[in-house]
Amino acid sequence: MGGFSDLSFFVMLVRRGSLAGAAQELGLTPSAASKRLAALEQRLGVRLLHRTTRRISLTPEGETYLVEGTRVLEDLAALEESVAGRGAKPQGLLRVSATLGFGRAHVAPLLGSFSAQFPEVEVQLHLSDRPAHPVDEAFDVQVRIGALPDARLTARKLALNRRLLCASPAYLARSGTPRTPRELASHACLFLREGDEAFGTWHLSSPAGQQETVKVRGPLSTNDGACALAWALDGRGIVLRSQWDAAEPLRQGLLVPVLPGWSLPEADIWLVFPTRHHLSAKTRALVDFLVEAMSGRRQPADPLLGPW
């Protein structure tokens, strides 16, 4: 089989996440798919994947073959479309990753609208409490909150966002309102176990540039932001949440800001994708769709009233 055919097989295999999935897509048996992968690795003289009974993962050579191979396939597709005079048409599989809370509340509804507009694109949405890596996990687009990842990736800002400390009026009436970051250590704090962030450590900055790192404690923690917010609404403690999640309870007075003069680590929302010479038609269509849909949320606004 030719090199382009092998490239297509390998890219699909990684995106499906298993030999069984790739075999099903191609109408082959898992054994036949495994033999095809072995033949490809033998032809190249390198191992492309680490394989266990449950999962596959890329070797360094496999990552290079995937990233550069995907670019080659997209260049070929663009060339053929140009020669055929059809123009680029969004179609095929598009894998999207997002965080649990924001993905469920905002990304999923928009993907439903996108699918209706582009019916020839098959969208797979993966939600996780841990940020995925587009290159390592073969995602076409990732919706990411906070600091940008490494230079192998390209990003476009989707929306402005910030992190806030807040608590219910009932909790603050019972336990008092912190006046300085250090006072947080004596309060019941509700926090998330997510990613590689230091567990229970909050970093705050004052307008004058003063930095405070506080180790907080509390009886409740979770990997789901909705649970932490619900506990805060129930008066269980002080929570750190993104503006997109806390704005409505703040507007309604169900939560009030804590230490509003202090800022927390950046939390703008980005679309992230592997760096390429050009984006595929399907990826560009989704990026443009999401950027347009969220355009009203990229303007400065009162953090308690908008744009969320």
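Asker: Quick one: what's the story with the overall build of the protein, residue by residue and with numbers?
Answerer: Broken down by element type, the protein carries nine helices and 14 strands. Within the protein, contacts between residues at least 6 apart in sequence are counted, and of these 73% link residues at least 24 apart. Counting every atom, the protein has about 15200 Å² of accessible surface; 53% of that belongs to carbon and sulfur.

Asker: Residue-level account of the sheet that holds strand β11 (residues 221-222), with values.
Answerer: Hydrogen bonds between backbone groups are what pair the strands of a sheet, and the pairing can be parallel or antiparallel. Reading across the sheet, the five strands line up as β11-β8-β12-β7-β13 and stay open at both edges, with mixed pairing between neighbours. Among the strands making up the open sheet, the edge pair consists of β11 and β13 (256-257). The sheet contact formed by strand β7 (residues 163-167) and β13 spans two bridges and is antiparallel. Following the sheet pairing, Cys166 is matched in β13 by Pro257. The strands touched by helix α7 (residues 225-233) are β8 (189-192), β11 and β12 (238-242); relative to β8, the strand with the most contacts, the crossing angle is about 170°. The strands touched by helix α8 (residues 243-251) within the sheet are β7, β12 and β13, with β12 carrying the most contacts at an inclination of about 120°.

Asker: Describe the pattern of salt bridges, listing the residues and the values that go with them.
Answerer: Applying the stated criterion across every chain yields a total of eleven salt bridges. Arg15 is the salt-bridge partner of Asp140, the closest N and O atoms lying 2.8 Å from each other. Placement of Asp140 in the loop between β4 (121-128) and β5 (141-145) and of Arg15 in helix α1 (residues 3-16) is noted, with a sequence separation of 125 residues between them. With respect to class, Asp140 is no different from Arg15; both count as buried. Among the ionic pairs, Arg156 bridges to Asp288, the shortest N-O distance being 3.4 Å. On the criterion of sequence distance, the pair formed by Arg156 in strand β6 (residues 153-159) and Asp288 in helix α9 (residues 281-293) is long-range, its members being 132 residues apart. Taking relative accessible area as the criterion, Arg156 reaches 35% and is therefore assigned partly exposed. A single network of salt bridges, built from pairs that share partners, joins Asp6, Arg36 and Arg43.

Asker: Can you explain the nonpolar core? Please cite residues and give values.
Answerer: Core analysis: the largest hydrophobic core is formed by 28 residues, its most contacted members being Phe102, Phe114, Val143, Ile269, Leu271, Leu286 and Trp308. Sorting the residues of this core by element identifies β3 (92-99), α5 (100-117), β5, β6, α8, β14 (269-274) and α9 as the ones contributing at least two each. Counting residues per element, this core draws most heavily on α9, at six residues. Ignoring sequence-local partners within four residues, the contact set of Trp308 consists of Phe102, His106, Ala159, Leu160, Asn161, Gln243, Trp244, Ala247, Arg251, Ile269, Met294 and Arg297. Counting 21 residues, the second largest nonpolar core, distinct from the first, contains Leu7, Phe10, Leu13 and Leu48.

Asker: So, the confidence of the model for the protein: which residues are in play, and what are the values?
Answerer: Predicted confidence across the protein gives a mean pLDDT of 85, with 85% of residues reaching 70 or more. The lowest-confidence element of the protein is helix α4 (residues 60-84), averaging 78 in pLDDT; the highest-confidence one is helix α6 (residues 169-175), averaging 97.

Asker: Would you mind going over the environment of Leu271 in detail, with residue names and values included?
Answerer: Mapped onto the fold, Leu271 is located in strand β14. Through-space distance from the C-alpha of Leu271 to that of Leu290 is 8.7 Å; in sequence the pair is 19 residues apart.

Asker: Break down the environment of Pro60 for me, citing the residues and quoting the values.
Answerer: Its place among the elements puts Pro60 in helix α4. Linking Pro60 and Leu48, residues twelve residues apart in sequence, is a C-alpha distance of 7.6 Å.

Asker: Any chance you could break down the pairing of β12 for me, citing the residues and the numbers?
Answerer: By the criterion of burial, β12 is predominantly enclosed, with five of the five residues buried. Alternating positions in β12 separate into two faces, Ile238, Leu240 and Ser242 on one and Val239 and Arg241 on the other, with burial throughout. Pairing geometry for β7 and β12, over four bridges, is antiparallel. Bridging across to β12, Cys166 finds its partner in Val239. One ladder, built from two bridges, connects β8 with β12; its direction is parallel. Looking across to β12, one finds that Cys189 is bridged to Ile238.

Asker: Describe the side chain of Thr283, with residues and values.
Answerer: When you line up the elements, Thr283 lands in helix α9. Among the residues examined, Thr283 registers a relative accessible area of 0% and is labelled buried. Residues in contact with Thr283, not counting those within four places in the same chain, are Leu94, Asp140 and Val141.

Asker: So what's going on with the packing of α5 against α9? Which residues, and what values?
Answerer: The interhelical angle for the contact between α5 and α9, taken along N-to-C directions, is 130°, at an axis separation of 11 Å. Between α5 and α9, the angle is such that the two are oblique. For α5 against α9, the interelement crossing comes out right-handed. Touching Leu110, Leu111, Ser113, Phe114 and Gln117 of α5 are Lys282, Ala285, Leu286, Phe289, Leu290 and Ala293, all from α9.

Calculation notes
- Residues numbered from 1 in each chain as written.
- Predicted model: local features only at pLDDT ≥ 70, side-chain atom pairs only at ≥ 80, totals over all residues.
- Heavy atoms only, no water.
- Helix = DSSP H or I, 4+ residues; strand = E, 2+ residues; numbered from the N terminus.
- Contact = heavy atoms within 4.5 Å.
- Areas by Shrake-Rupley, 256 points an atom, 1.4 Å probe, with all protein chains shown as cover.
- Pairing = 2+ DSSP bridges.
- Axes fitted to C-alpha atoms, helices over the stretch in contact; angles between N-to-C directions.
- Salt bridge = Lys/Arg side-chain N within 4 Å of Asp/Glu carboxyl O.
- Buried < 20%, exposed > 50% of the residue type's maximum accessible area, 1.4 Å probe, protein only.
- Core = buried A, V, L, I, M, F, W, Y, C linked by side-chain atoms within 4.5 Å.
- pLDDT = per-residue confidence, 0-100.
- Parallel < 35°, antiparallel > 145°, perpendicular 65-115°, else oblique.
- Left-handed = near helix turned anticlockwise from the far one by under 90°.

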